[in-house]
Every structure is written in C-alpha cells, then in structure tokens.
Amino acid sequence: MTAGPFRAAPALRALDGIFLLSCGLLFASGLAGIALLHQPVITRDLVGIESSFLRGDSLGMQILRTHVDHILAFQRLLAWLDVHWLGAQQWAALAAIPLACLAIAALVARGARRSGAGPWLAAGAAAAGLLWMGNGFNLTWAMQAHFFMAPAFALAAVTVLTAPAGPGAGRLALCLLLALGAALASGSGLVGCVALALVAPALRLPARRLGALLAGLAAILAGVLWLRGLTHRADLNPVWPWLQDPWPVLLYMQNYLRAPAEMALRVLLPNYQSVLWSGIVADLGLLWIAVVWVIALRSGRRPSPLATQALLLCLLAFGSALVTALVRLDGGPQQAYSQRYLTTSLLYWIGLALLALDAASRARRLARGAILLALLLVNLLLLADLPRHWRIWSGHHAELLQSAGAVLADSADDEPWLRIHPNLTLARDTFGRLRALQGGPFAWPEAAWIGQPAGALFPPGESCDVTTRWLAPRVTAQGNWALAGWSSDGAGDAPDVVLLVDAQGLIAGLTWPDPGVRSAERPPGAPAQGWELWPTAAQRRAGHLLAVAGGTSCPLPWP
C-alpha cells in the first residue's frame with residue numbers, strides 16, 4: 001500500500017538518482033571550469049607571492065608571512081612548488097582546489113555513512129555546492145586554493161574527533177595537528193578552530209580529553225595570532241567601535257551568508273525579491289543551527305557524525321562572516337557580497353543541506369522525499385544559471401589570455417599589464433624574471449615565435465578568405481591602438497592565432513581568439529571568437545596583421 005508518490009521505494013530511488021545526476025552535472029561543470037577557464041597567467045595577489053620566490057627568497061623565509069591579514073602557509077608552499085618544480089604554470093595551486101573539494105566530499109560521505117544517511121547524497125551535495133560555477137572567482141583563480149583547504153582541514157579534524165573508537169591521545173593529537181593545518185591555511189581556518197571548540201562540548205568527550213582539546217585549540221589560536229602580529233598591517237581600523245552600533249555588523253553578516261542564495265534566486269525572482277527571500281531563509285537557517293546546537297549541548301546525546309560536520313561548517317561560515325564584518329565594515333555592508341567570500345558563505349548552505357540529509361535519514365519516506373525534492377530544486381536553480389556564470393568567467397579568462405600574448409611580446413602599452421597587476425613595476429619585473437627562467441607563459445610554444453620571421457614560420461595560404469568585424473580602435477594612454485576584432489574564414493572558423501608583424505616581417509606580437517573576448521560588445525553577425533592587440537603607431541604605419549590557421553597565414557587589413 002502507498003499513501004503518496006514518495007511512499008514507494010522505487011520513487012525514492014529515482015529521486016535519489018535524479019539528485020545525484022544534478023550533483024554530477026554541477027561537479028563536472030566546476031571541474032571543466034577549473035580546467036578551461038582558469039586564469040592562464042598569475043595575476044593580482046599571486047604575482048606578489050610568486051615574485052618573492054622568483055627573487056630568490058626561500059620557502060622558510062616566506063611560508064609564515066602575513067598576506068592581507070592571513071597566514072597562507074599552504075598557498076605559499078603551492079606557489080613555491082609551481083615556481084621551482086612546475087614551470088610557474090600554477091598547476092599545484094589549481095590542482096589543490098578540486099582535491100580539497102574531493103577531500104571534503106569524502107569526509108562528508110564518511111560522516112554520512114556512520115550516521116546512517118546516504119553517503120553519495122551527502123558527498124554530492126558538498127562537492128556540487130563548492131564546484132558550482134557561481135563560485136567561479138575562487139575556482140578559476142589559483143590564488144584562492146586556501147579557501148578550499150581550510151575547511152578541508154577543519155572537517156578532517158572534527159571527523160577524527162567523532163571516530164567510533166573515541167578520541168584517544170593519538171587521535172586527539174591528530175585532531176590538533178589538522179586544526180593547526182586549518183589555521184595556517186587561511187584566516188577562515190583560524191575561525192574553524194573556534195568552530196571546533198564550539199562543537200566539541202556537544203560530543204560528550206571525557207572531561208580530561210575535552211580540556212586537552214580546548215587547551216590545544218587555544219594554544220593554536222594564540223600562536224597563529226602571534227605570528228600574524230609579527231607582520232600585521234598597522235593601517236587596520238580597530239574593531240571595537242563597531243560594537244557600539246551592532247546593526248551594520250549584523251547586516252554585513254546577513255549579506256555575507258545569504259550571497260549564494262540571493263545569486264541563485266535571481267534566476268526566478270526580481271532582485272528585490274531575491275534579497276528578501278534569501279535573507280529570510282538565511283535567518284531561518286541560523287535559527288535551525290542554534291536549535292540543533294543547544295539541543296546537542298543539553299540533551300546528553302551526541303549528534304550524529306554528519307550533523308556534527310554540518311554544525312562545524314555552518315559555524316565556520318558564521319564566524320568568518322563575523323570576523324570579516326568587524327575588519328571590513330569600512331567598505332559598507334554591500335562589500336560582503338565580494339566574490340572572494342563566496343566559498344566560505346557556501347559552506348553555510350552546504351552545512352544546512354547536510355543537516356537536512358541527516359534529518360531525512362531518520363524521517364518517514366514522504367518527509368525524506370520532500371527533503372530530497374527541495375535539495376533537487378536548489379540544484380536545478382544552480383544549473384539554470386550555469387550558462388551565465390560560464391560566460392562571466394570565460395570573459396575573465398579571455399582578458400588574461402589576451403594579456404598573456406602582450407606579455408610574451410613585452411608590450412609597450414600599460415593596459416594589458418594592468419589586467420595582471422595594478423603595480424606596473426612589479427608586474428613587469430615579475431614577468432621579466434619568468435622570462436629569464438623560461439617559466440609561465442614563456443614556456444608556451446608560442447613564446448619562441450616572437451622575433452622570428454613570420455613568413456618562414458607560417459607561409460601564405462593558397463587561398464585566403466578571412467573577414468574581420470572590428471570595434472572602433474581606441475587610443476590608449478600611451479598613444480597605442482587598443483584593437484578588438486572577430487575574424488573568420490569562409491567556413492566561419494576562427495584563426496588559431498593572430499600575429500602582429502613589424503616592418504622587417506618579424507613577429508612582434510600575438511594573441512589567441514577566444515569566445516570570452518568582450519562578448520557583450522561583439523558586433524551583430526560577428527563570429528563567436530574575438531581577439532585583442534595593442535599595436536604601436538610605428539607598427540600600424542609599417543607593420544601588418546596575419547591570421548594563422550592550419551600552419552598557413554592570411555593577411556588582415558587594419559580597420
């Protein structure tokens with residue numbers, strides 16, 4: 001007998017399968033985004049970190065230095081590995097992102113299995129949330145690996161603590177070691193230590209073990225804060241005056257936590273409604289977490305391993321929101337929507353999803369089906385917005401790819417360099433050192449083309465039918481042209497590469513057509529893939545452009 005569509009086990013299994021399929025699509029799109037849309041050259045903060053190793057600083061000198069209020073020990077280790085072992089191609093830091101996501105998924109699956117919940121469902125929810133392309137800022141920038149490593153360490157620490165055998169001395173030491181790893185990974189990992197201390201009393205540990213754990217966590221906090229103080233910036237504003245008026249802090253925290261939900265709801269709702277409903281749901285989630293935590297403290301019954309992991313993730317996100325609000329409130333509450341915080345705020349929603357799955361494991365079939373259906377609808381919202389996010393991060397990738405061509409040619413124009421770093425001196429010096437080491441973009445095959453005869457490398461094609469649609473050339477601050485064009489042959493195919501050739505017939509610059517190039521400004525009817533170059537006045541007078549495809553070249557007229 002069945003009393004509803006979710007009473008039948010086959011219907012529940014089908015719903016499980018559809019949910020896992022949606023998780024798989026989000027997971028695969030995130031991996032594809034990392035592989036295809038990552039920043040192709042080091043940019044912004046990563047320039048400063050790698051430049052120290054390029055100047056000859058040792059790992060020991062740099063690993064515990066503060067970077068914008070954070071100790072990023074593992075991020076610096078990855079940068080050192082990239083510079084000295086992987087040709088400065090960012091592979092170590094980029095690989096750390098999906099590996100940390102997989103580690104989080106595996107830990108969550110372990111907790112779910114021990115809780116009697118579906119391990120694949122829990123792992124899918126965690127991995128799909130982190131690898132959602134709305135989180136593309138942190139997924140595609142190798143600098144942001146620390147945002148994924150810190151919760152992985154913290155989650156590993158609480159997983160060790162909730163082992164069935166109980167936390168013996170060895171497990172307690174391992175838990176503290178993992179907590180130290182989280183604290184050295186980033187500032188959110190330091191907050192994770194506080195979250196672990198808040199969760200620990202609910203686990204009913206023996207008093208001596210609990211005291212040792214809390215003392216160890218306090219020592220980690222004190223030690224890392226002391227290390228931060230050695231190189232801490234002196235220009236930070238004190239946080240205490242903000243506590244005299246807590247409302248801006250609370251609003252900042254709400255914006256921080258609800259940012260992923262607001263972004264997802266915009267697919268269905270106008271902006272003001274997405275703001276309203278995401279705030280309501282985020283606040284209800286906080287109430288739910290508070291109730292679960294208080295019940296765990298007062299009931300005398302340990303929460304399940306999955307619920308413990310969920311509480312840790314939610315408290316980590318909540319604590320990060322509070323600390324960020326106290327330190328960054330000068331930027332106003334809207335600053336909480338910064339893309340760099342999205343990974344940590346996603347942990348809050350992943351934690352809520354895990355709490356829901358933990359509740360579903362003990363619920364009746366109809367309630368379990370309702371919970372799974374709700375989580376499936378969330379995934380469908382995330383998938384619906386996937387094309388828009390792909391376009392956004394494709395554009396960022398394309399901007400850096402065009403700048404990479406300018407870097408290979410040591411462009412005289414500042415514009416492509418400013419995309420890499422606002423400090424032109426640092427950017428040019430860093431890439432000059434990469435050139436000397438034949439690392440970064442200078443290890444790419446195209447780097448050897450600069451200064452070579454174009455005709456010898458790419459003889460003229462037998463028939464040329466290449467058309468180009470242009471944006472109006474723009475004169476840059478240095479008096480050069482900023483060119484953007486969309487080229488294609490008679491079959492509609494874009495060239496493999498576009499070359500800038502000087503008066504002597506030598507290759508003086510190059511760029512790669514890409515669909516993300518200024519896509520919002522693409523002229524009607526233009527091909528999908530555009531390109532950018534910054535020729536000087538002398539190159540415009542005596543040089544020319546070549547479109548290369550299949551090893552042969554065709555001339556392109558100036559606009």
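Calculation criteria
- Residues numbered from 1 in each chain as written.
- Predicted model: local features only at pLDDT ≥ 70, side-chain atom pairs only at ≥ 80, totals over all residues.
- Heavy atoms only, no water.
- Core = buried A, V, L, I, M, F, W, Y, C linked by side-chain atoms within 4.5 Å.
- Buried < 20%, exposed > 50% of the residue type's maximum accessible area, 1.4 Å probe, protein only.
- Helix = DSSP H or I, 4+ residues; strand = E, 2+ residues; numbered from the N terminus.
- Contact = heavy atoms within 4.5 Å.
- 1 Å grid on protein atoms, 1.4 Å probe; cavity = no way out; pocket = protein on both sides within 12 Å on 5 of 7 lines; lining within 4 Å.
- Points joined across faces, edges and corners; volume = space filled by probe spheres on them.
- Nonpolar A, V, L, I, M, F, W, Y, C, P; charged D, E, K, R; others polar.
- Pairing = 2+ DSSP bridges.
- Axes fitted to C-alpha atoms, helices over the stretch in contact; angles between N-to-C directions.
- Lys, Arg positive; Asp, Glu negative; His and termini not counted.
- Salt bridge = Lys/Arg side-chain N within 4 Å of Asp/Glu carboxyl O.
- Polar contact = N/O pair within 3.5 Å; in protein donor to acceptor, adjacent residues only side chain to side chain.
- Phe/Tyr/Trp six-rings, centres within 6.5 Å; stacked < 30°, edge-to-face > 60°.
- Lys NZ or Arg CZ within 6 Å of the ring centre and 35° of its normal.
- Disulfide = S-S within 2.5 Å.
- Parallel < 35°, antiparallel > 145°, perpendicular 65-115°, else oblique.
- Left-handed = near helix turned anticlockwise from the far one by under 90°.

### With respect to the nonpolar core
Grouped together as the largest cluster of nonpolar side chains are 152 residues, with contacts concentrated most on L161, L196, L213, Y348, L354, F431 and L499. A total of 13 residues in this core trace back to one element, the largest contributor, which is helix 14 (residues 305-328). When residues no more than four places from it in sequence are discounted, the contact partners of L354 are V108, A122, L306, A310 and L313. Counting residues in hydrophobic clusters, the runner-up holds 9 residues, among them W481, V498, L533 and A547.

### Structural notes on the layout of surface pockets
Considering only enclosed or pocket space, the second largest pocket measures out at about 790 Å³ in volume. Along the wall of the second largest pocket there are 29 residues; nearest its centre are V281, W349, A374, L375 and V378. If one sorts the elements of the lining of the second largest pocket by residue count, helix 16 (residues 365-384) sits on top with 8 residues. Partitioned by chemical class, the residues of the lining of the second largest pocket number 25 nonpolar, 4 polar and no charged.

### Quick word on helix 2 (residues 45-54)
For helix 2, a buried count of 8 out of 10 residues is recorded, marking the element as mostly surrounded by other parts of the structure. Turning to helix 2, its buried residues are L46, V47, I49, E50, S51, S52, F53 and L54. Those residues of helix 2 that are buried are in contact with helix 3 (59-62), strand 1 (66-67), helix 4 (73-85), helix 18 (414-420) and helix 19 (424-437). G56, located one to two residues past helix 2, shows a positive phi value of around 105°.

### Examining the sheet that holds strand 10 (residues 552-556)
Spatial ordering of the open sheet is given by 7-6-9-10, a layout of 4 strands whose pairing is antiparallel. Strands with a single pairing partner mark the edges of an open sheet, and in this sheet they are strand 7 (507-511) and strand 10. Within this sheet the neighbouring strands show an average axis-to-axis angle of 30°, counted without direction.

### Notes on the side chain of E446
Position of E446 among the secondary structure elements: in the loop between helix 19 and helix 20 (454-457). One buried charged residue, E446, remains without a salt bridge, the closest side chain of opposite sign being R435 at 13 Å. There is a polar contact of 3.2 Å between the side chain of E446 and the side chain of W512. Not counting residues within four places of it along the chain, the set of residues in contact with E446 comprises L408, L510 and W512.

### Some details on the side chain of Q39
In this structure, Q39 sits in the loop between helix 1 (9-37) and helix 2. Residue class for Q39 comes out buried when judged on its relative accessible area of 5%. Ignoring any residue separated from it by four or fewer positions in sequence, one finds Q39 in contact with Q90, T140, W141, H396, H397 and L400.

### Observations concerning the pattern of salt bridges
A full pass over the atoms with the stated rule returns 13 salt bridges. A salt bridge links R419 to E532; the shortest N-O distance between them is 3.1 Å. Here E532 lies in strand 8 (residues 530-533) and R419 lies in helix 18, a separation of 113 residues in the sequence. Across this residue pair, the class does not change: R419 and E532 are buried. A salt bridge links R518 to E532; its shortest N-O distance comes to 3.5 Å.

### Some remarks on the packing of aromatic side chains
Counted by the stated rule, this structure contains 10 aromatic pairs. Consider the rings of W470 and W531, whose centres lie 5.5 Å apart with planes at 80°: the pair is edge-to-face. Separated by 61 residues along the polypeptide, W470 in strand 3 (residues 467-470) and W531 in strand 8 bring together distant segments of the chain. Taking relative accessible area as the criterion, W470 reaches 22% and is therefore assigned partly exposed. A connected cluster of aromatic rings, assembled from ring pairs, spans F137, W141 and W393. Geometry around W141 places R44 over its ring, the cationic atom sitting 4.0 Å from the centre. The side chain of R540 reaches across the aromatic face of W481, ending 4.5 Å from its centre.

### A closer look at the state of the cysteines
One pass over the structure, following the stated rule, counts 1 disulfide. Here C464 is linked by a disulfide to C554, with a sulfur-sulfur distance of 2.1 Å. Disulfide C464-C554: torsion about the S-S bond near -85°, hence left-handed. Taken together, the positions of C464 in the loop between helix 20 and strand 3 and C554 in strand 10 put the pair 90 residues apart, joining distant regions of the chain. Taking relative accessible area as the criterion, C464 reaches 40% and is therefore assigned partly exposed. According to the relative accessible area criterion, C554 is buried, its value standing at 9%. Free of any disulfide, C101 has its nearest cysteine sulfur in C23, 13 Å distant. C193 takes part in no disulfide bond, and the closest cysteine sulfur, belonging to C175, lies 9.0 Å away. Judged by relative accessible area, which is 1%, C193 ranks as buried.

### Quick look at the packing of helix 13 (residues 271-299) against helix 14
In the contact formed by helix 13 and helix 14, the axes pass within 11 Å of each other and the chain directions differ by 125°. In terms of orientation, helix 13 lies oblique with respect to helix 14. Crossing hand, helix 13 versus helix 14: left-handed. Where helix 13 abuts helix 14, its residues L286, I289, V292 and W293 lie against L311, C314 and F318. Within the contact of helix 13 with helix 14, the residues separate by chemical class into 7 nonpolar, no polar and no charged.

### Thoughts on unusual backbone geometry
Here the phi dihedral of R204 falls at roughly 55°; this positive angle occurs in a residue that is not glycine. Although it is not a glycine, Q438 adopts a positive phi angle of roughly 55°. When you line up the elements, Q438 lands in the loop between helix 19 and helix 20.

### Some details on the packing of helix 6 (residues 119-130) against helix 15 (residues 342-362)
Where helix 6 contacts helix 15, the axes come no closer than 9 Å and their chain directions differ by 160°. Judged on the interaxial angle alone, helix 15 and helix 6 are roughly antiparallel. In the crossing of helix 6 with helix 15, the sense of the turn from one axis to the other is right-handed. The residues of helix 15 that touch helix 6, namely those facing L121, A122, A125, A126, G129 and L130, are T343, L346, L347, I350, L354 and L357. Per-class residue counts for the contact of helix 6 with helix 15 are 10 nonpolar, 2 polar and no charged.

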